[in-house]
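Structural overview for review
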Amino acid sequence: MAEPDAEAAEVPLYLRVAAVLREDLAHRRISPGSRLPSERCLSQRYHVNRQTVRSALQLLRDERLVVTDRRGTFAAAAGADPVQPSLTARRPTFPGGPRVSEALVRASLTWEPPPTPLTSRLLLAPGEPTLVHRHLVFGPQGAALQRAVSWFSRPAVSEIPQLARYRRIKDRHHQPDLRLLYHWMHQAGLRVTHRESVGVPPSTVGTAAASDGAARLLVHRVVSDQHGHALEITDIDFSARSAAWTYEFSA
């Protein structure tokens, strides 16, 4: 792969490998029905480990661009109906990446105790800290259009490697990109369900929407694993007139 620029470097390695392979498939440099190089060869070609290659191939399988059987991985036959691809794999995305909807976003990670009512739901002891993600979306004039805060449970931080690494202070960098959180959950073998409650508060006083009288919506999301344990609890507060909120999800 070519040396990435600063923005591309934020994209996980397996997405960059998938993007290169996807380009080869789209331009028929890998012809329909032909076999792709082995994981070992791809690992050497792109200077990544084999797990990175496996993750990239899984994305392409999800997009129905390749198929795998006991003989290896093959480019999908001509006429197959692929899922729309992109560098971000067209997967459900978690709020807070540094390039959300072309808007100005500020995201941060901290390690702190959640509000008391959430402690038991997150399987934490009273006062026990956990990973907390905050993200703000700003409008052209600098007004905050959307605010979100997410608390992660003990199982989420322990079972999802990409979250576990944020236990280390040096990895809690500015503008963390957790857009692929739900894919990470899938990679970790978690079968997730989600429940969302959407409400309209009675007043906008003291909120981001108060200055222009725009309506607000409050979204409370709980994502749970196959055992019914909460993995993530997110509260989103946004101006319904000024900012769109779209959420796609599949287990």
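Refer to the structure above for everything that follows.
Residues numbered from 1 in each chain as written. Predicted model: local features only at pLDDT ≥ 70, side-chain atom pairs only at ≥ 80, totals over all residues. Heavy atoms only, no water.

Our focus in this paragraph is the overall build of the protein chain. Check the secondary structure of the protein chain and you find 7 helices and 8 strands. A buried classification covers 41% of the 251 residues belonging to the protein chain. The long-range share in the protein chain, meaning contacts at least 24 apart out of those at least 6 apart in sequence, stands at 60%. Summing over all exposed atoms, the protein chain offers an accessible surface of approximately 13,500 Å²; the carbon and sulfur share of this is 52%. (Helix = DSSP H or I, 4+ residues; strand = E, 2+ residues; numbered from the N terminus. Buried < 20%, exposed > 50% of the residue type's maximum accessible area, 1.4 Å probe, protein only. Contact = heavy atoms within 4.5 Å. Areas by Shrake-Rupley, 256 points an atom, 1.4 Å probe, with all protein chains shown as cover.)

What follows is about the nonpolar core. L21, F152, L163, L178, L181, W184 and M185 are the most contacted members of the largest nonpolar core, which has 38 residues in total. When residues of this core are traced back to their parent elements, those giving at least two are α1 (13–26), α2 (39–46), α3 (50–62), α5 (154–159) and α7 (181–187). Looking at which element gives the most residues to this core, the answer is α1, with 6 residues. Not counting residues within four places of it along the chain, the set of residues in contact with L178 comprises F94, L109, H133, F152, L163, Y166 and W184. (Core = buried A, V, L, I, M, F, W, Y, C linked by side-chain atoms within 4.5 Å.)

At a minimum axis distance of 9 Å, the contact between α2 and α3 shows a crossing angle of 105°. By the angle class used here, α2 and α3 are roughly perpendicular. Across the interface between the two elements, E39, R40, L42 and S43 from α2 touch R50, V53, R54 and L57 from α3. For the contact of α2 with α3, the per-class residue count stands at 3 nonpolar, 1 polar and 4 charged. (Axes fitted to C-alpha atoms, helices over the stretch in contact; angles between N-to-C directions. Parallel < 35°, antiparallel > 145°, perpendicular 65-115°, else oblique. Nonpolar A, V, L, I, M, F, W, Y, C, P; charged D, E, K, R; others polar.)

Every buried residue of α2 is accounted for by L42, S43 and Y46. Buried residues of α2, seen end-on, are gathered within an arc of 105° and therefore sit on one face of the element. Residues R40 and Q44 are exposed on α2 and point more than 90 degrees away from its buried face. Looking at the buried side of α2, the elements it contacts are α1 and α3. Following α2 by one or two positions, H47 has its phi on the positive side, about 55°. (Arc of directions from axis to C-beta.)

As a further point, take the packing of aromatic side chains. A full pass over the atoms with the stated rule returns 0 aromatic pairs. For R165, the ring lying beneath its charged end belongs to Y166, and the centroid distance is 4.6 Å. (Phe/Tyr/Trp six-rings, centres within 6.5 Å; stacked < 30°, edge-to-face > 60°. Lys NZ or Arg CZ within 6 Å of the ring centre and 35° of its normal.)

A separate point is the pairing of strand β1 (residues 66–69). The pairing of β1 with strand β2 (residues 72–75) spans 4 bridges and is antiparallel. From the neighbouring strand, V66 faces β2, where its bridge partner is A75. The hairpin turn running from β1 into β2, its antiparallel successor, is 2 residues long. (Pairing = 2+ DSSP bridges.)

With that out of the way, let us pick up α3. Here α3 is 13 residues long and its end C-alpha atoms lie 18 Å apart, about the 18 Å a rise of 1.5 Å per residue gives. Those residues of α3 that fall on the buried side of the exposure criterion are T52, V53, S55, A56, L57, L59 and L60. At the N-terminal end of α3, a side-chain oxygen is found 3.1 Å from the backbone nitrogen of Q51, two or three residues along, and the residue is N49. Just downstream of α3, R64 is the residue with a positive phi angle, here 60°. (Expected span 1.5 Å × (residues − 1). Polar contact = N/O pair within 3.5 Å; in protein donor to acceptor, adjacent residues only side chain to side chain.)

Further remarks concern the pattern of salt bridges. Inspection of every chain in the model, using the stated rule, returns 8 salt bridges. Linking D24 and R29 is a salt bridge whose minimum nitrogen-to-oxygen distance equals 2.8 Å. We classify R29 as exposed; its relative accessible area is 53%. Here the residues in one salt-bridge network are E39, R50 and R54, joined through shared partners. (Salt bridge = Lys/Arg side-chain N within 4 Å of Asp/Glu carboxyl O.)

Turning our attention to the environment of R216. Here R216 shows up in strand β7 (residues 216–224). With relative accessibility at 8%, the residue R216 sits in the buried group. Taking C-alpha positions, R216 is 9.2 Å from P202, a pair spaced 14 residues apart along the chain.

Within the secondary structure, S224 is located in strand β7. Non-local contacts of S224, meaning those with residues more than four positions away in its chain, are made with R191, V192, T193, H229, A230 and L231.

Its place among the elements puts L122 in the loop between α4 (116–119) and β4 (130–138). Take L122: its relative accessible area is 0%, and that puts it in the buried class. For the pair L122 and H229, spaced 107 residues apart in sequence, the C-alpha separation works out to 7.7 Å. The residues touching L122, leaving out its near neighbours within four places in the chain, are P114, W151, F152, S153, R154, P155 and I233.

On their own, these measurements won't tell you what the molecule is for.
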